Amino acid sequence: MNLAFYDAIKQLQDAYLMFPAFQTAYDQIEENLKLYRATGVAQNLLILGESGTGKTSLAHAFTESYPKQVLPERDLLPVLHVSVPAAATIAGTVEAVLRQLGDPEPERGTVSAKTARAVRIARGCGVEMLLFDEAQHIQDRGRNYTQYFVGDWLKSLMDALGLPVTLLGLPRTQALLQANEQLRRRFTHRLSLSVHQGSQEANDESSLKLFRALSDALPLPLDARPYGWKELGLRLHYATDGRIAYVKQLLVNAYSHAVNQSGTNISVSELAHAFTATIWPLGVGALNPFHQDFGFRSLDRLGEPFQLGDTGGEVSGRKRK
Ligand SMILES: Nc1ncnc2c1ncn2[C@@H]1O[C@H](COP(=O)(O)OP(=O)(O)OP(=O)(O)O)[C@@H](O)[C@H]1O
Ligand SMILES: [Mg+2]
């Protein structure tokens, strides 16, 4: 593999695309920030997406647009981006908040002392928006009562600060809101980050558009034969479940394979190979979206790569075929 090969892969990895769902979510967070700046009204938002739909990337992209400013008299931190720790106790969550606020001793003090300190520092740093990533970790402790406690704690932190909050998490985060009425009332506005939303036709098109936009970063062209572009779009939709992470993975692997084979384009057989290699080892024949025998159905049954997760009791937006 030569330098140009690695360059192409890196360019692809680094490529950021404001695909429609990503852009809508970004705009809504920004709108909430502007609303708060202009009126002091704190509007909250819940952003749901399966793994690999770009939640963390979105939170990073937004935080980078409103970076920390080091001023002579104090640091300004307009957007506070916190990842809720895996075993989300109140202590662990408030420590994560304190760490992001630059507190030198996040473990010090009782939970209420820590919370009071977090509120004080956040005000001091001029925080205007809270972004909580991995919000499902609050829900994951739901087998015992911790979930309620962490949820209640979050609600009281939000009330104390009066800032707009954006929660980002897996679809099962919804269950947190179902269990906690007070949080539910605060997060009535919800968005999904999946590439495919709306009609089936729009879905095929959006997966293909994304794929072609990303493949533009590569030196080899994409070849849809023996299918047409529309059909390839549909197959891509089933192969990636509309998740940007899978779209990228598929493309990187297909490109590497094409280069290995000294190919002059990224063909359907490379995509079929990439699907088995990076997304689902058992995805062969009728279970491989790029194979001519593919059954054109969502691969979301038990043991399949996009097996539907626990969405918290509500039916997911996706239909089982
Ligand atoms: N807008 C985008 N444009 C291009 N690539 C993206 C975009 N958003 C995410 N990606 C890529 O998709 C991959 C997964 O993204 P990310 O980690 O943000 O997903 P996630 O929803 O946070 O997943 P998880 O739930 O597993 O944490 C990353 O490799 C990232 O580079
Ligand atoms: Mg993430």
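Notes on the structure in this doc start here. Just so it is clear, the structure is predicted and the values come from calculations on it, not from any experiment.

## A look at the pairing of strand S5 (residues 129-133)
Here's step 1: Burial runs high along S5: five of the five residues are buried.
Here's step 2: Of the two faces of S5, the one carrying Met-129, Leu-131 and Asp-133 and the one carrying Leu-130 and Phe-132 are both buried.
Here's step 3: Both strand S4 (residues 79-83) and S5 contribute to a ladder of five bridges, which runs parallel. Within S5, the residue paired with Ser-83 across the bridge is Asp-133.

## Some words on helix H5 (residues 111-124)
Here's step 1: Taking 1.5 Å per residue, 14 residues should reach 20 Å; H5 reaches 20 Å between its end C-alpha atoms and fits that length.
Here's step 2: Lys-114, Thr-115, Arg-117, Ala-118, Val-119 and Ala-122 are the residues of H5 that are buried.

## Re unusual backbone geometry
Here's step 1: Between Arg-225 and the following residue, Pro-226, the backbone shows a cis peptide bond with an omega angle of 10 degrees.
Here's step 2: Relative to the helices and strands, Pro-226 is located in the loop between helix H10 (200-215) and helix H11 (229-240).
Here's step 3: Within the chain, Glu-134 stands out as a residue other than glycine whose phi angle is a positive 60 degrees.
Here's step 4: Relative to the assigned elements, Glu-134 resides in the loop between S5 and helix H6 (136-140).
Here's step 5: Since its relative accessible area comes to 26%, Glu-134 is described here as partly exposed.

## Regarding the sheet that holds strand S6 (residues 165-169)
Here's step 1: Read from one edge of the open sheet, five strands run S4-S5-S6-S1-S7, paired in parallel fashion. Across the chains shown, the open sheet's two edge strands, defined by having one partner strand only, are S4 and strand S7 (190-192). Ignoring strand direction, the axes of neighbouring strands in this sheet form an average angle of 15 degrees.
Here's step 2: With respect to the sheet, helix H2 (residues 20-39) is in contact with strand S1 (45-48), S5, S6 and S7, its orientation differing from that of S1 by roughly 165 degrees.

## Quick word on the layout of surface pockets
Here's step 1: Counted as a void, the second largest pocket has a volume near 360 Å³.
Here's step 2: If you trace the second largest pocket, you find 22 residues lining it, with Thr-53, Gly-54, Lys-55, Ser-57 and Ile-244 closest to the centre.
Here's step 3: Of all the elements in the fold, those that place two or more residues in the lining of the second largest pocket are helix H1 (3-14), helix H3 (55-65) and helix H12 (244-260).
Here's step 4: Across the lining of the second largest pocket, the residue classes tally to eight nonpolar, nine polar and five charged.
Here's step 5: Per-domain counts for the lining of the second largest pocket show at least three residues from each of domain 1 (20-192) and domain 2 (196-287).

## A closer look at the site of ligand 1
Here's step 1: In the region of ligand 1, 18 residues are neighbours, and Leu-17, Ser-51, Lys-55, Thr-56 and Ser-57 sit closest.
Here's step 2: Within the contact set of ligand 1, an oxygen atom lies 2.8 Å away from a side-chain nitrogen or oxygen of Thr-56.
Here's step 3: Contact between ligand 1 and Lys-248: a nitrogen atom at 2.9 Å from a side-chain N or O atom of the residue.
Here's step 4: When ligand 1 is considered free in solution it has 630 Å² of accessible area, and contact with the protein chains removes 77% of it.
Here's step 5: Every element with two or more residues in the shell around ligand 1 is listed here: H3 and H12.
Here's step 6: Residue composition of the shell around ligand 1, by class: eight nonpolar, six polar and four charged.
Here's step 7: Here the shell around ligand 1 spans two domains, since at least three of its residues come from each of domain 1 (20-192) and domain 2 (196-287).

## Details of H3
Here's step 1: Listing the buried residues of H3 in full gives Lys-55, Leu-58, Ala-59, Ala-61, Phe-62 and Thr-63.
Here's step 2: Looking at the buried side of H3, the elements it contacts are H2, S1, S4, S5 and S6.

## Quick word on the packing of helix H4 (residues 90-100) against H5
Here's step 1: Where H4 contacts H5, the axes come no closer than 10 Å and their chain directions differ by 25 degrees. Relative to H5, H4 is oriented roughly parallel. Of the two elements, H4 crosses H5, and the hand of that crossing is left-handed. Listed contacts from H5 to Ile-90, Ala-91, Val-94, Glu-95, Val-97 and Leu-98 of H4 are Val-111, Lys-114, Thr-115, Arg-117, Ala-118 and Ile-121.

Basis of the calculations
- Residues numbered from 1 in each chain as written.
- Chains lettered and ligands numbered in written order.
- Predicted model: local features only at pLDDT ≥ 70, side-chain atom pairs only at ≥ 80, totals over all residues.
- Heavy atoms only, no water.
- Buried < 20%, exposed > 50% of the residue type's maximum accessible area, 1.4 Å probe, protein only.
- Helix = DSSP H or I, 4+ residues; strand = E, 2+ residues; numbered from the N terminus.
- Pairing = 2+ DSSP bridges.
- Expected span 1.5 Å × (residues − 1).
- Axes fitted to C-alpha atoms, helices over the stretch in contact; angles between N-to-C directions.
- Contact = heavy atoms within 4.5 Å.
- 1 Å grid on protein atoms, 1.4 Å probe; cavity = no way out; pocket = protein on both sides within 12 Å on 5 of 7 lines; lining within 4 Å.
- Points joined across faces, edges and corners; volume = space filled by probe spheres on them.
- Nonpolar A, V, L, I, M, F, W, Y, C, P; charged D, E, K, R; others polar.
- Domains from an automatic or database assignment.
- Near = heavy atom within 4 Å.
- Polar contact = N/O pair within 3.5 Å; in protein donor to acceptor, adjacent residues only side chain to side chain.
- Areas by Shrake-Rupley, 256 points an atom, 1.4 Å probe, with all protein chains shown as cover.
- Parallel < 35°, antiparallel > 145°, perpendicular 65-115°, else oblique.
- Left-handed = near helix turned anticlockwise from the far one by under 90°.

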